[in-house]
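Tertiary structure, described
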Amino acid sequence: MSEVMKKMLVLDFDGTLFQPGKFISDQDMKLLNTLANMNVARVIATGRSLFSLKKVIDMSFPIDYLILSTGVGILDWRSQKLIRSYDMEGGLVDEIIAILKRRRHSFFVHQPAPQNHNFFYCDGAAPRQDFIRRFELYRDFARPLKQRKRGTAASQILVISEELTQIKKELQPLMHRINIIRTTSPLDGRSMWVEIFDKRVNKALAAQFLAERLNISVRNIVALGNDYNDLDLLNWAGRPFVVHTAPEELKEKFQVIKNADDGLLIHIMPLLQRG
């Protein structure tokens, strides 16, 4: 971006800007367009892949940057150029797979961004319903794990499991090389997903990269999220908020914005309008 940006707005997508009824309010769209003339960098930070996000928004969507797949990649929205990406190197992926298979977990291994909607799958001892549901939803992009070539990089490994503590224990020898993030299933809104990334991947690190690139102070960054995978971002941002549907432990820690007919952004616009 050529203009000097003074502030940044970082928005989670599903369950935040993209509300539970699968829509974005007209008022929020209007305000996103308004921010283009206010020296505010508009950023979406989503757990979705680029392919998945483009199923619900198009190139006219009024943002400047996209943080995709929880920070695996950063896209300049206007040029559609990937300006940063971090994958797990192939040897590390092999080690993680070996541990997960030995423990008979059900998981997906996603290819590097921006093609990370393609994945390999391993159905363990007793695949959970959410694993089956996700596989059925994206079966056109799925291949069995045995077809993966050893030593190939991956953007992330997704384990459908409620056993977060156990998985962290199993992967403890690799923890200095990976980042494990808990998130709530976007499919049923209840199940736990355990996402494994390169150590350099989370929404906060991606947003920090953009802030440094645009020379924006962290105190001038407003962030809005709704789930555990936003926690790093919320802890880092100068002005963090969560929506009222966020887990209770997040609402206890961050200021809550309750959605209404006027959308979400109207409640934080004064922070972005101040000089």
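Everything here concerns the structure above.
The structure contained in this document is the topic of the report that follows.

Within the fold, D227 resides in the loop between strand 14 (221-225) and helix 7 (231-236). Since its relative accessible area comes to 7%, D227 is described here as buried. Separated by 192 residues in the primary sequence, D227 and L35 place their C-alpha atoms 25 Å from one another.

Quick look at the sheet that holds strand 11 (residues 156-160) now. If you walk across this open sheet you meet the six strands as 9-8-7-11-13-12, and the pairing is mixed. Each of the sheet's edge strands pairs with one partner strand only, and the pair in question is strand 9 (142-144) and strand 12 (178-184). With direction set aside, neighbouring strand axes in the sheet form an average angle of 25°. Taken together, the four bridges between strand 11 and strand 13 (residues 192-198) define a ladder with antiparallel strand orientation. Residue pairing for strand 13: I160 is matched across the bridge by W193. Strand contacts of helix 4 (residues 129-137): strand 7 (107-110), strand 8 (119-122), strand 9, strand 11 and strand 13, with the helix running at about 40° to strand 7, the strand carrying the most contacts.

One open sheet accounts for eight strands, arranged 5-4-3-2-1-14-15-16; its pairing is mixed. Single-partner strands in this sheet number two, and they are strand 5 (81-85) and strand 16 (255-257). The sheet shows a mean angle of 25° between the axes of neighbouring strands, direction not considered. Where strand 1 (residues 7-12) lies against strand 14, four bridges are found, and the strand directions are parallel. Within the sheet, the bridge partner assigned to L9 lies in strand 14 and is V222. The strands touched by helix 1 (residues 26-35) within the sheet are strand 1 and strand 2 (40-45), with strand 2 carrying the most contacts at an inclination of about 135°. The strands touched by helix 6 (residues 203-214) within the sheet are strand 1, strand 2, strand 3 (65-68), strand 4 (73-76), strand 5 and strand 14, with strand 3 carrying the most contacts at an inclination of about 155°.

This part takes up the side chain of R148. When you line up the elements, R148 lands in the loop between strand 9 and strand 10 (151-154). For R148, a relative accessible area of 11% puts it in the buried group. Residues contacting R148, with those up to four places away along its chain left out, are G90, V93, D94, I97, V109 and F120.

Glancing now at the side chain of D198. Within the secondary structure layout, D198 lies in strand 13. Separated by 2.7 Å, the side chains of D198 and R200 make a polar contact. If sequence neighbours within four positions are ignored, D198 has contacts with Y86, D87, M88, R177, I178 and N179.

The next thing to look at is helix 6. Look at helix 6: 17 Å from first C-alpha to last across 12 residues, which is about the 16 Å you get at 1.5 Å a residue. Of the residues making up helix 6, those classed as buried are K203, A204, A206, A207, L210, A211 and L214. Down the axis of helix 6, the buried side of the element spans an arc of 165°, and every buried residue falls inside it. Once helix 6 ends, the next one or two residues include N215, with phi positive near 60°.

With that settled, consider the pairing of strand 14. The buried count for strand 14 comes to five of five residues, which makes it a mostly enclosed element. As for the winding sense of the linkage, the β-α-β connection from strand 14 through helix 7 to strand 15 (residues 239-243) is right-handed.

A few words now on the pairing of strand 7. Side chains of strand 7 alternate between two faces, with F107 and V109 and F108 and H110 buried alike. Where strand 7 lies against strand 8, four bridges are found, and the strand directions are antiparallel. Bridging from a neighbouring strand, H110 pairs with F119 of strand 8. Pairing analysis gives four bridges linking strand 7 to strand 11, with the strands arranged antiparallel.

Conventions we followed
Residues numbered from 1 in each chain as written. Predicted model: local features only at pLDDT ≥ 70, side-chain atom pairs only at ≥ 80, totals over all residues. Heavy atoms only, no water. Helix = DSSP H or I, 4+ residues; strand = E, 2+ residues; numbered from the N terminus. Buried < 20%, exposed > 50% of the residue type's maximum accessible area, 1.4 Å probe, protein only. Pairing = 2+ DSSP bridges. Axes fitted to C-alpha atoms, helices over the stretch in contact; angles between N-to-C directions. Contact = heavy atoms within 4.5 Å. Polar contact = N/O pair within 3.5 Å; in protein donor to acceptor, adjacent residues only side chain to side chain. Expected span 1.5 Å × (residues − 1). Arc of directions from axis to C-beta. Right-handed = clockwise from strand over helix to strand, strands pointing away.

Nothing here speaks to function; it is all geometry.
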